[in-house]
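Observations on the three-dimensional arrangement
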Amino acid sequence: ERSIKKGIGGPDGGADSLEETVYEGYGPGGVAIILQALTDNRNRTASDVRSYFSKAGGNLGENGCVSWNFESRGVIVGEVSSNDADTIALTAIDGGAEDFKIDGTYIEIYSDVENLDALRNILEKQGMTIISSELSMVPLNTVPLDAKVTDKTLKLLDQFEELDDIQKVYTNADFADEVLEKYKS
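Residues numbered from 1 in each chain as written. Predicted model: local features only at pLDDT ≥ 70, side-chain atom pairs only at ≥ 80, totals over all residues. Heavy atoms only, no water.

1. What to know about the environment of F100
Definition in use: What counts as a helix is a DSSP run of H or I of at least four residues, what counts as a strand is a run of E of at least two, and both are numbered from the N terminus. Contacts between residues were defined by any pair of non-hydrogen atoms, one from each residue, lying within 4.5 Å.
Assignment of secondary structure puts F100 in strand β5 (residues 99–103). Through-space distance from the C-alpha of F100 to that of V77 is 9.6 Å; in sequence the pair is 23 residues apart. Sequence-distant contacts of F100, defined by excluding residues within four places in its chain, comprise A89, I93, I107, E108, I109 and Y110.

This is how it looks when you write it as structure tokens:
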């Protein structure tokens, strides 16, 4: 009965007790990891996070231990033809974008948090196919990893993403494309 009440909320339901929290730590190879969680039991979530960090050879840190290396930015990912990529990038810069990366037919555009929605609207009107548009924690510096450490780090990140309470996972790890392809298979 308590579980049912908790699930539906209301008086004595506990739905109001959900808390947002952030966990920060270092993973294999010294990569910084930030986890955004929404939990009804901070102790359980903290224990799970600490356990996963320890098993992977990392450690859970104090708040602020890695967040200094990240900044909150708007990130828009879209698909464009290679002929339109430069035009879309210039339109994005004119619309207030701070930076962009073009990778084949994909473009990743970075903006400040306040300008994300307006920039997205400008790009849609320009004809760009938006794949995703979200607020994200973008690393200021990345850490390149060798194949062995990459595998351990990817497994750790997958474990975090499988936790029910974890909403977002951010890292400053720089994974080699060929290692990512191998891991996916």
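Still more ground to cover, so stick around.
2. Topic: a negative patch on the surface
The following threshold applies: Patches were defined on residues exceeding 30% relative accessible area and lacking a salt bridge, with like-charge contacts within 9 Å and nonpolar side-chain contacts (Val, Leu, Ile, Met, Phe, Trp, Tyr) within 5 Å. All accessible areas in this document rest on Shrake-Rupley with a 1.4 Å probe, and a residue is counted as covered only by the protein chains that are shown. Note on definitions: salt bridges are taken to be side-chain nitrogens of Lys or Arg within 4 Å of carboxyl oxygens of Asp or Glu. Under the counting rule used here, the positive set is Lys and Arg, the negative set is Asp and Glu, and His together with the chain ends is not counted. Note on charges: their place is set at NZ of Lys, CZ of Arg, CG of Asp or CD of Glu.
The grouping of D103, D174, D177, E178 and E181 at the surface amounts to a negative patch. With three residues, the single largest contributor to the negative patch is helix α6 (residues 177–184). Following the sequence through the fold, D177 ends up in helix α6.

3. Side note on the nonpolar core
Cut-off, in case you're wondering: For the purposes of this section, nonpolar cores are sets of buried Ala, Val, Leu, Ile, Met, Phe, Trp, Tyr and Cys residues that join through side-chain atoms within 4.5 Å. Relative accessibility decides the category of a residue: with a 1.4 Å probe and only protein chains considered, values under 20% of the type maximum give buried, values over 50% give exposed, and everything between is partly exposed.
Counting residues in each nonpolar core, the largest one holds 19 residues, and the members touching the most others are I33, L35, V49, F53, F160, I166 and V169. Mapped onto this core, the elements with two or more residues apiece are β2 (32–39), α2 (42–55), α5 (147–162) and β9 (166–171). If sequence neighbours within four positions are ignored, F53 has contacts with G25, Y26, G27, I33, L35, G58, N59, L60, L156 and F160. Counting 14 residues, the second-largest nonpolar core is a separate cluster that includes A89, I107, I109 and M128.

4. Notes on the sheet that holds strand β4 (residues 70–79)
Two modes of strand pairing occur in sheets, parallel and antiparallel, and in both the strands are linked by backbone hydrogen bonds. We count it as follows: DSSP-based pairing: two strands are paired if at least 2 bridges between them are found. Angles here are taken between N-to-C directions and fall from 0 to 180 degrees, while the axes themselves are lines fitted to C-alpha atoms, restricted in helices to the stretch in contact.
Here we have four strands laid out as an open sheet, ordered β5-β6-β4-β7, and antiparallel in their pairing. Bordering the open sheet on either side are β5 and β7 (129–139), each of which pairs with just one other strand. When strand polarity is set aside, the average angle formed by the axes of neighbouring strands in this sheet is 20°. Direction of pairing for β4 relative to strand β6 (residues 106–111): antiparallel, over a ladder of six bridges. In the sheet register, G78 faces β6, and the bridge partner there is I107. Of the strands in this sheet, β4, β6 and β7 touch helix α4 (residues 116–126), which is tilted by about 150° from β7.

5. Topic: the pattern of salt bridges
Going through the model one piece at a time under the given rule, you end up with eight salt bridges. Among the ionic pairs, R44 bridges to D165, the shortest N-O distance being 2.5 Å. One end of the pair, R44, is in helix α2; the other, D165, is in the loop between α5 and β9, with 121 residues separating them in the sequence. The shortest N-O distance in the salt bridge between K155 and D151 comes to 3.3 Å. Pair noted here: K155 and D151 are both in helix α5, with a separation of four residues, about one helical turn. When its relative accessible area of 30% is taken as the criterion, D151 is described as partly exposed. Residues joined by salt bridges that share partners form a network here, namely D40, R44 and D165.

6. Examining the packing of aromatic side chains
Going by this rule: Planes of paired rings set the category: under 30 degrees apart is stacked, over 60 is edge-to-face and the rest tilted, where pairs are Phe, Tyr or Trp rings (Trp by its six-membered ring) whose centres lie within 6.5 Å.
For the structure shown, the criterion picks out two aromatic pairs. Taken together, the aromatic side chains of Y52, F53 and F160 make up a single cluster linked through ring pairs.

7. Topic: the sheet that holds β9
If you trace the four strands from one edge of the open sheet to the other, you get β3-β1-β2-β9, paired in antiparallel fashion. Both outer strands of the open sheet, β3 (59–61) and β9, are each paired with one neighbouring strand and no more. Recorded for the sheet is a direction-independent mean angle of 30° between the axes of neighbouring strands. The pairing of β2 with β9 spans five bridges and is classified as antiparallel. Across the sheet, the residue bridging to I34 is Y170, located in β9.

8. Regarding the packing of α5 against α6
Note the following rule: With respect to orientation, any angle under 35 degrees is reported as roughly parallel, any angle over 145 as roughly antiparallel, any angle of 65 to 115 as roughly perpendicular, and every other angle as oblique. For a crossing to be left-handed, the near helix must be turned anticlockwise from the far one by less than a right angle; the clockwise case is right-handed. Only Asp, Glu, Lys and Arg are considered charged, only Ala, Val, Leu, Ile, Met, Phe, Trp, Tyr, Cys and Pro nonpolar, and every remaining residue, Gly among them, polar.
Here α5 crosses α6 at 50°, and the two axes come no closer than 10 Å. When the interaxial angle is binned, α5 and α6 end up oblique. Crossing hand, α5 versus α6: right-handed. In this structure, α5 contributes A147, T150, D151, L154, K155 and D158 to the contact, and α6 contributes V179, L180 and Y183. Considering only residue class, the contact of α5 with α6 consists of five nonpolar, one polar and three charged.

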